[in-house]
Amino acid sequence: MIRAIYPGSFDPVTFGHIDVIKRASRLAAQTVGELIVGVLNNGSKTPLFTIDERVSMLLEVTEGLSNVKVMSFSGLLVDFARQTNANVVVRGLRAISDFEYELQMAQTNRKMNPQVDTMFLATGLEYSYLSSTIVKEVAFFHGDIHEFVPESVAKRVQEKVLEVTRT
């Protein structure tokens with residue numbers, strides 16, 4: 001059985017993330033496995049959304065995927081993999097520039113935990129330009145983000161932008 005982790009900040013979750021989640025979920029299901037979406041609580045970053053808000057958004061957008069769990073974590077991914085008995089890490093690649101960094105991380109993780117392999121999924125072409133950073137930038141300039149994120153996420157982003165710009 002495959003137990004895979006798709007880690008990320010998901011600040012906010014985008015259609016690109018959802019594409020990778022759905023595809024990784026299907027692959028895991030072929031072995032009666034599960035996919036854990038690991039929401040990273042990274043103390044060195046200042047996210048727009050709290051960890052609980054990001055988990056909540058992901059629970060909502062993965063609602064129909066029976067083999068997907070959403071969990072938050074902090075610290076090293078290999079430690080989270082040990083805690084959850086995961087044996088595969090899923091990483092989405094948008095461009096060649098992503099690959100160099102992701103390969104280094106995969107090799108480091110493998111060195112630290114030889115039981116965990118990394119699987120790379122190329123993001124669908126229609127999402128290859130998309131990132132959470134772009135979504136936030138467009139939102140802060142009052143642009144339309146509905147092509148980048150689900151409606152429920154767009155609403156939360158717009159509300160959060162209003163909240164942040166008022167203070």
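Refer to the structure presented above.
Everything in this summary refers to the structure shown in the same document. Bear in mind that the values here come from a model prediction, so they are computed numbers and not experimental data.

1. Brief notes about the sheet that holds strand β4 (residues 88–93)
Here's step 1: In spatial order, the strands read β3-β2-β1-β4-β5; together these five strands make up an open sheet with parallel pairing. Each edge of the open sheet carries a strand with a single partner, namely β3 (68–73) and β5 (117–122). Between one strand and the next, the sheet's axes are offset by a mean angle of 30 degrees, whatever the strand orientation.
Here's step 2: Relative to β3, strand β2 (residues 34–40) runs parallel, the two being bridged by six bridges. Counterpart to Leu35 in the pairing with β3 is Val68.
Here's step 3: In this fold helix α3 (residues 77–84) packs onto β1 (3–8), β2, β3 and β4, with an angle of close to 145 degrees to the strand it touches most, β1.
Here's step 4: Against the sheet, helix α4 (residues 96–112) engages β4 and β5, with an angle of about 160 degrees to β5.

2. Notes on the packing of aromatic side chains
Here's step 1: All told, the structure shown has five aromatic pairs when counted by the stated rule.
Here's step 2: Taking the centre distance of 5.4 Å and the plane angle of 75 degrees together, the rings of Tyr6 and Phe10 count as edge-to-face. In this pair, the class of Tyr6 matches that of Phe10, namely buried.
Here's step 3: Judged by centre distance (4.4 Å) and plane angle (10 degrees), the rings of Phe73 and Phe80 are stacked. Comparing Phe73 with Phe80, the two get one shared label, buried.

3. Here's the deal with the side chain of Thr84
Here's step 1: Considering the arrangement of structural elements, one finds Thr84 in helix α3.
Here's step 2: Residues within four places of Thr84 in sequence aside, it is in contact with Arg3, Ile5, Ile36 and Met71.

4. With respect to α3
An α-helix turns once per 3.6 residues; consequently, residues spaced three or four apart project the same way.
Here's step 1: Inspection of α3 places Leu77, Val78, Phe80, Ala81 and Thr84 among the buried residues, and these make up the whole buried set. Each buried residue of α3 lies within a common arc of 160 degrees when the element is viewed along its axis, so the set occupies one face.
Here's step 2: Turning to α3, the residues buried within the fold contact β1, β2, β3, β4 and α4.
Here's step 3: One or two positions beyond α3, positive phi appears at Asn85, with a value near 60 degrees.

5. Concerning the nonpolar core
Here's step 1: Core analysis: the biggest nonpolar cluster contains 34 residues, and Val13, Leu35, Val37, Leu58, Val90 and Ile145 have the highest contact counts within it.
Here's step 2: Broken down by element, the residue count for this core peaks at five residues, all from helix α2 (residues 51–61).
Here's step 3: Once residues lying within four places of it in the same chain are set aside, the contact partners of Leu35 are Ala4, Ile5, Tyr6, Ile21, Ala24, Ser25, Ala28, Asn67, Val68, Lys69 and Val90.
Here's step 4: Counting residues in hydrophobic clusters, the runner-up holds nine residues, among them Ile5, Phe73, Ala81 and Val89.

Thresholds, definitions, all that
- Residues numbered from 1 in each chain as written.
- Predicted model: local features only at pLDDT ≥ 70, side-chain atom pairs only at ≥ 80, totals over all residues.
- Heavy atoms only, no water.
- Pairing = 2+ DSSP bridges.
- Helix = DSSP H or I, 4+ residues; strand = E, 2+ residues; numbered from the N terminus.
- Axes fitted to C-alpha atoms, helices over the stretch in contact; angles between N-to-C directions.
- Contact = heavy atoms within 4.5 Å.
- Phe/Tyr/Trp six-rings, centres within 6.5 Å; stacked < 30°, edge-to-face > 60°.
- Buried < 20%, exposed > 50% of the residue type's maximum accessible area, 1.4 Å probe, protein only.
- Arc of directions from axis to C-beta.
- Core = buried A, V, L, I, M, F, W, Y, C linked by side-chain atoms within 4.5 Å.

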